[in-house]
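A structural walkthrough
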Amino acid sequence: MRTFVEAATGLPGILFTAALVVAVCFWLLVAVGAVTVDSFDADADLGAWSMGGVPVTVALSLLTACAWLVNVAVTVLLTVQATSGTVTGVLHLLAPAGSLLVAWRLTCLFVRPLHRLFPDTSGPPGGRRKNRRQTPR
């Protein structure tokens, strides 16, 4: 347990832990009704990052949770399995970057099925679409 706590609160894992605390606080505010899920969606387009189709808060919360989990797991494994040395030190430094890459891919996989739960609301009000057929005059 001590190794887990040290991995979560030591450098550089504390960065992911802080981000996870912010995400959890945001979702608590959503649960209470103080903010909405799409509070930060005004200018953000995550389609270029293959995370489009869901609110930004959902995608970034998934990314944060996955990055934290992967980073803590890798750090614990390196601490338990590896011996002290230069290679282990370099692997500890590379763990956050690798965690972000793995978390990004995992988030892309998780976002695909979630896309159906968040319909695009940018259309006209009332759900009516304009008839695109040309009418003869």
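Residues numbered from 1 in each chain as written. Predicted model: local features only at pLDDT ≥ 70, side-chain atom pairs only at ≥ 80, totals over all residues. Heavy atoms only, no water.

1. Overview of the packing of helix H3 (residues 56-81) against helix H4 (residues 86-114)
Any two packed helices are characterised by how steeply their axes cross, that is the angle between the axes, and by the distance between the axes. It is at 7 Å that the axes of H3 and H4 come closest, and there the two elements cross at 140°. In terms of axis orientation, H3 runs oblique to H4. Crossing angle aside, the handedness with which H3 passes H4 is right-handed. Residues of the contact of H3 with H4, tallied by class, amount to 20 nonpolar, six polar and no charged. (Axes fitted to C-alpha atoms, helices over the stretch in contact; angles between N-to-C directions. Helix = DSSP H or I, 4+ residues; strand = E, 2+ residues; numbered from the N terminus. Parallel < 35°, antiparallel > 145°, perpendicular 65-115°, else oblique. Left-handed = near helix turned anticlockwise from the far one by under 90°. Nonpolar A, V, L, I, M, F, W, Y, C, P; charged D, E, K, R; others polar.)

2. Regarding the environment of Val21
Structurally, Val21 can be placed in helix H2 (residues 13-32). Sequence-wise, Val21 and Ala65 are 44 residues apart; in three dimensions their C-alpha atoms are separated by 9.7 Å.

3. Considering the layout of surface pockets
If you add up the space inside the second largest pocket, you get close to 170 Å³. As for the second largest pocket, its lining consists of Ala19, Val22, Ala23, Phe26, Phe40, Val56, Thr57, Leu60, Ser61 and Thr64. Of all elements in the fold, only H2 and H3 reach the threshold of two or more residues within the lining of the second largest pocket. Top contributing element to the lining of the second largest pocket by residue count: H3, with five residues. Residue composition of the lining of the second largest pocket, grouped by class: seven nonpolar, three polar and no charged. (1 Å grid on protein atoms, 1.4 Å probe; cavity = no way out; pocket = protein on both sides within 12 Å on 5 of 7 lines; lining within 4 Å. Points joined across faces, edges and corners; volume = space filled by probe spheres on them.)

4. Notes on H4
For H4, which comprises 29 residues, the first-to-last C-alpha distance of 42 Å matches the rise-based estimate of 42 Å (1.5 Å per residue) to within 8%. Within H4, the axis deviates most sharply at Ala95, by approximately 40°, and proline Pro96 lies no more than four positions further along. The set of residues buried in H4 consists of Thr88, Ala95, Pro96, Ser99, Ala103, Thr107, Cys108 and Val111. Those residues of H4 hidden inside the fold are in contact with H2 and H3. (Expected span 1.5 Å × (residues − 1). Bend = angle between axes of the 7 residues up to and from the residue. Buried < 20%, exposed > 50% of the residue type's maximum accessible area, 1.4 Å probe, protein only. Contact = heavy atoms within 4.5 Å.)

5. Some thoughts on the confidence of the model for the protein chain
Residues at a pLDDT of 70 or more form 82% of the protein chain, whose mean pLDDT is 78. When the elements of the protein chain are averaged for pLDDT, helix H1 (residues 2-9) gives the smallest value, 80, and H2 the largest, 91. This model gives residues 121-132 a pLDDT under 50, and the stretch forms zero contacts once residues within four places in sequence are excluded. (pLDDT = per-residue confidence, 0-100.)

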